[in-house]
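Analysis of the macromolecular model
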Amino acid sequence: MGYNLQVSIDKDSGFCFGVVYAIDMAEEILEEDGYLYCLGDIVHNDEEVARLTAKGLRIIDHDDLPQLKNEKVLIRAHGEAPDTYRIALENNITLIDASCPVVLKLQNRVKTSFDEQEKILIFGKHGHAEVIGLQGQTNNEALVFQDLAELDGVELPAKFTLYSQTTKSTDKFYAIKDNLLSRGYEVKANDTICRQVSNRYEDLGIFAQKFDKIVFVSGKKSSNGRVLYEVCLKNNPQSYFVSDPEELSIDMFNPEERIGICGATSTPMWLMEKVKTVLEGY
Ligand code: SF4
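Residues numbered from 1 in each chain as written. Predicted model: local features only at pLDDT ≥ 70, side-chain atom pairs only at ≥ 80, totals over all residues. Heavy atoms only, no water.

**A short note on the domain arrangement of the chain**
Counted only if it meets this: Where each domain starts and ends comes from a domain assignment, either automatic or drawn from a database. Contacts between residues were defined by any pair of non-hydrogen atoms, one from each residue, lying within 4.5 Å. What counts as buried area is the accessible surface, traced by a 1.4 Å probe, that two parts surrender upon association, with contributions from both included. When a carboxyl oxygen of Asp or Glu lies within 4 Å of a side-chain nitrogen of Lys or Arg, that pair is called a salt bridge. Any pair of nitrogen or oxygen atoms within 3.5 Å is treated as a polar contact; in protein, a donor-acceptor pairing is required on top of that, and neighbouring residues in sequence qualify only through side-chain atoms on both sides. As a working rule, the residues Ala, Val, Leu, Ile, Met, Phe, Trp, Tyr, Cys and Pro are called nonpolar, Asp, Glu, Lys and Arg charged, and the rest polar, with Gly in that last group.
What the domain assignment reports for the chain is domain 1 (6–14 + 196–280), domain 2 (17–100) and domain 3 (102–193). With centres defined by C-alpha atoms, the gap from domain 1 to domain 2 works out at 28 Å. Contact with domain 1, which involves 13 residues of that partner, is made by 10 residues of domain 2. Summed over the three residues of domain 1 that lose the most area to domain 2, namely Lys-221, Ser-266 and Trp-270, the buried surface amounts to 48% of that side. Across the contact surface, domain 1 and domain 2 share one salt bridge. For Lys-221, the salt bridge is made with Asp-41, and the minimal N-O distance between the two is 2.7 Å. Remark: the boundary between domain 1 and domain 2 carries four residue pairs in polar contact (both at pLDDT 80 or more). A per-class count over the side of domain 1 that touches domain 2 returns three nonpolar, eight polar and two charged.

Listed below in C-alpha cells is the structure:
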C-alpha cells in the first residue's frame, strides 16, 4: 500500500513574464544557431539552466565578456550595468537584450534620480545582478543595504531617495521607510517591487493554509524564492524548501496527507510537476 498523498500544484506559481520572455528568446536563437552565450545564469534555477545548457546555452560571467568578439550574448531578465553595453560595443558583440521591462523602467528611474543629483539608497541584495545593474546607473554611488542594521552608524544624507530591488518583500520595504522617516530623514520612497512577486504573497499565503504540508520548489540563489518561502512558512509551519526532487524523502510525509506544491518566479512548471510525480509515487 502506498502513501496515497493528495498533491496539488499552485496554478499561480512558476515563471513570471520577465523570465518567460528571456527563456523564449534564448530558445529561439538556440534553435537557429545551435549555441548562445548568456551573461550569468539565465534564471536562478539550476535545473532549468541545465536543460538550456544541454541545448547549447553557454553561461559566461563578466570576466569572460571582454574576451569575446563578434558573438551574440544574451542579457537575462535582471538587466545589466552600462559597462556591459560599452564592452559589447567595443567588441562587436550583439546583445540579445532580454532585460525585463520592469527592471528597465526601474533602471531609468534610478538614472533620472541620479542625474537630478538626488542621494540614492537601494534596498537590495549585495552582489545581486539586478542590484549591480541599478548601482551602475549611479556611477556606483548609490548606497545598497539589505538590512536596516547595516545603516546603523552610517552617516546618511538628511534627504534621499529610496528604491527597492524588484524582488524584495513589500512589508520589509515599508517597515524600512517608516523607520527612516521616524529617525527624522526626509525620504522620497519609491516602492519599486515587482507586482509579479508582491501579488503572489497574499495568494500564496491562502494556498499554503489549505494543505497539511507545503513543498516549496526553488533554486537556492533565487531572491524571491527566499521571500516567498517565508510567506509559506508563516502560513504553514510544515513547509519544506526543496531545489531538486532528490531532496525529498518519504519520511517527510505521512499517509493520506494533503500536499501543496508551489515555487518562485524562477521555478519551472516542469520541475514542480516532477516533484508531484515523486510524491504521488510514495
Ligand atoms: S520578477 Fe518581475 S521584475 Fe523580475 S523578471 Fe519577473 S517580471 Fe521582471
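**Overview of the sheet that holds strand E2 (residues 36–39)**
Here is the rule: Two strands make a pair as long as DSSP finds a minimum of two bridges between them. The helix count covers DSSP runs of H or I at least four residues long, the strand count covers runs of E at least two residues long, and both are numbered beginning at the N terminus. Here an angle of 0 to 180 degrees is reported between the N-to-C directions of two axes, which are lines fitted to C-alpha atoms, with helices fitted over the stretch in contact.
The sheet built from four strands is open, its strands ordered E3-E2-E4-E5 with parallel pairing. Since the sheet does not close on itself, it has two edges, and those belong to strand E3 (57–60) and strand E5 (94–97), each with one partner. If you compare each strand with its neighbour and ignore which way they point, the axes differ by 35° on average. Taken together, the four bridges between E2 and E3 define a ladder with parallel strand orientation. Within E3, the position partnered with Leu-39 by the bridge is Ile-60. The sheet contacts of helix H3 (residues 82–90) involve E2, strand E4 (72–75) and E5, and relative to E5 the element is tilted by about 145°.

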